[in-house]
Amino acid sequence: QAIWTSSWTSATDPQPTASSASEKTGHLFSWTNVSGLNPSYTGAAGVGVRIVPTNSLSTVRVSADVDLVAESRWWYLVGSSAGFANFSYRGTVYISAWEISPVTGQWELLRPFGSRVLLQYRESGQGGTAIRSDHHAFDDLSVRLQLQGGHTYGIGVSFEVEVGFDCHDRNGKPYQKQPGDDIKLWASMTGEVSSISVSTETVWIP
């Protein structure tokens, strides 16, 4: 058994108008765009709840109902000075829990945590593809946790996207985007977390 105390959201991205989260609707949007060949590789958005278990020690299963669309674009067409280029794309949904310190307010990630990779591929050289778009819906993303009564925990679901690259010019130096280059390197995950459930499986100490 758990006492639901409050909801929370988070969104991290170097572009303030990009990744977002809504605690009212459970809508998440994670986004990263490195088309300028900048070093900001990841974007993430999360939503969840704070709980205080009433049993002194118990094992619980945390699960979530998720519906999302993962999209990405690889498009790297540059001038003749380009040399080696390698790209990686990843999009992952996490279900995690943190213990929240009553003294400092800091969040400590608990292990294990659940995850599902929905977007993952690599490209190299010059070229491009159309926008890749895939719909995913599932209700079996879960993790088992051991929680202590009277402690405060944050339990949530997050979408994380990452675009990594390694580009060099013909002199072996990191490639700098030039006027006239046609570069589109981005990834996003957008959708809803319609529910997060916490069910007690075993009560070790009532």
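Below or above, wherever it landed, is the structure these notes cover. (Residues numbered from 1 in each chain as written. Predicted model: local features only at pLDDT ≥ 70, side-chain atom pairs only at ≥ 80, totals over all residues. Heavy atoms only, no water.)

Now for the environment of proline 179. Mapping proline 179 onto the fold places it in the loop between strand 11 (152–169) and strand 12 (182–205). Remark: the alpha-carbon pair of proline 179 and serine 142, spanning 37 residues in sequence, is separated by 47 Å. (Helix = DSSP H or I, 4+ residues; strand = E, 2+ residues; numbered from the N terminus.)

A word on the pairing of strand 3 (residues 27–33). Along any regular strand, the residues point their side chains to alternate faces of the sheet. Sheet topology note: the strand 2 (residues 20–21)/strand 3 ladder contains 2 bridges and is antiparallel. Bridge pairing in strand 3 links serine 20 to phenylalanine 29. Linking strand 2 to strand 3, which pair antiparallel, is a turn of 5 residues; within it glycine 26 sits at a positive phi near 75°. Relative to strand 12, strand 3 runs antiparallel, the two sharing 7 bridges. The residue bridging leucine 28 from the neighbouring strand is glycine 191, located in strand 12. (Pairing = 2+ DSSP bridges.)

Here we take up the pattern of salt bridges. In total, this model carries 7 salt bridges according to the counting rule given. Glutamate 162 is the partner of arginine 90 in a salt bridge, and the nearest nitrogen-oxygen pair spans 3.1 Å. In this pair, arginine 90 is assigned in strand 6 (residues 82–100) and glutamate 162 in strand 11, connecting sequence segments 72 residues apart. Accessibility expressed as a relative area gives 17% for arginine 90, which makes it buried. (Salt bridge = Lys/Arg side-chain N within 4 Å of Asp/Glu carboxyl O. Buried < 20%, exposed > 50% of the residue type's maximum accessible area, 1.4 Å probe, protein only.)

Once that is clear, we can look at the packing of aromatic side chains. By the definition in use, this model includes 8 aromatic pairs. Directly above the aromatic system of tyrosine 121 lies the positively charged group of arginine 132, at a separation of 3.7 Å from the ring centroid. (Phe/Tyr/Trp six-rings, centres within 6.5 Å; stacked < 30°, edge-to-face > 60°. Lys NZ or Arg CZ within 6 Å of the ring centre and 35° of its normal.)

With that settled, consider the nonpolar core. Within the largest apolar cluster, 47 residues are counted, with the highest numbers of intra-cluster contacts made by Tyr76, Phe87, Val93, Val157, Phe159 and Leu185. Among the secondary structure elements, those contributing two or more residues to this core are strand 4 (42–53), strand 5 (57–77), strand 6, strand 8 (114–124), strand 10 (132–148), strand 11 and strand 12. Not counting residues up to four positions away in its chain, the partners in contact with valine 157 are Leu28, Ala45, Gly46, Val47, Ala64, Val66, Val93, Tyr94, Ile95, Val193 and Ile196. (Core = buried A, V, L, I, M, F, W, Y, C linked by side-chain atoms within 4.5 Å. Contact = heavy atoms within 4.5 Å.)

With an omega of 5°, the peptide bond between arginine 111 and proline 112 qualifies as cis. Here proline 112 lies in the loop between strand 7 (107–109) and strand 8. For leucine 37, which is not glycine, the phi torsion reads 60° and is therefore positive. Relative to the elements of secondary structure, leucine 37 occurs in the loop between strand 3 and strand 4.

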